[in-house]
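# Report on the structure
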Amino acid sequence: MSEDLDTLARTIYGEARGESISGMEAVASVVLNRLAFSRRKGRYWWGNTIKGICRCPYQFSCWNKSDSNYALIQRVTDTDIIFCICKRIAGRAISGLLEDNTSHATHYHTKSTNPSWARGKIPCAEIGHHLFYNDVET
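Residues numbered from 1 in each chain as written. Predicted model: local features only at pLDDT ≥ 70, side-chain atom pairs only at ≥ 80, totals over all residues. Heavy atoms only, no water.

### Digging into the overall build of the protein
Secondary structure summary: the protein contains five helices and three strands in total. Scanning the protein from its N terminus toward the C terminus, one meets helices and strands in the order α-α-α-α-α-β-β-β. Taken over C-alpha atoms, the radius of gyration comes to 14 Å for the protein, in line with the 14 Å a tight globule of 138 residues would show. Dimensions along the principal axes, computed over C-alpha positions, put the protein at roughly 40 × 30 × 30 Å. Sequence-distant contacts in the protein: of pairs separated by 6 or more residues, those separated by 24 or more amount to 60%. Split by element, the accessible area of the protein, about 7300 Å² in all, is 50% carbon and sulfur. Placing the 17 positive and 14 negative side-chain charges of the protein at their respective mean positions leaves the two points 5 Å apart. (Helix = DSSP H or I, 4+ residues; strand = E, 2+ residues; numbered from the N terminus. Rg over C-alpha atoms; globule rule 2.2 N^0.38 Å. Contact = heavy atoms within 4.5 Å. Areas by Shrake-Rupley, 256 points an atom, 1.4 Å probe, with all protein chains shown as cover. Lys, Arg positive; Asp, Glu negative; His and termini not counted. Charge placed at Lys NZ, Arg CZ, Asp CG, Glu CD.)

Structure below.
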């Protein structure tokens, strides 16, 4: 399995394993939208690979070593059916077979939080417990 596929699957698992398939697909879409945005703008603040984008410090909380999900995504294996679903979604995303259900969002957060970057912004999608945004410039 490629590092990009493995990292994307672990990101989906860490960020959205409690969501519906649509919610998990939405997280994958955000990663791919960031990659497309970076390439289009020629600015690689998030990184220029899926792995780099997912693991960019403080972007996807499950990769923060202080986050409770970090240890979980490090040890999850194919014996976890949800992780297997995440791997299938990641594979579809990387293959270009995943429809973007977020309206090209590059950011999201749970409904229970209100990060400073989202203040004054209007979500472009609401999927499960997450709000998605496509108008956040970095």
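### Observations regarding unusual backbone geometry
Phi angles above zero are rare outside glycine, and Y58 is one such case at about 65°. Among the structural elements, Y58 can be located in the loop between α3 (50-54) and α4 (68-75). Of note, S103 is a non-glycine position whose phi angle comes to about 60°, a positive value. For S103, the location among the structural elements is in the loop between α5 (81-94) and β1 (107-110). A relative accessible area of 38% places S103 in the partly exposed class. (Buried < 20%, exposed > 50% of the residue type's maximum accessible area, 1.4 Å probe, protein only.)

Geometric values such as these leave the question of function open.
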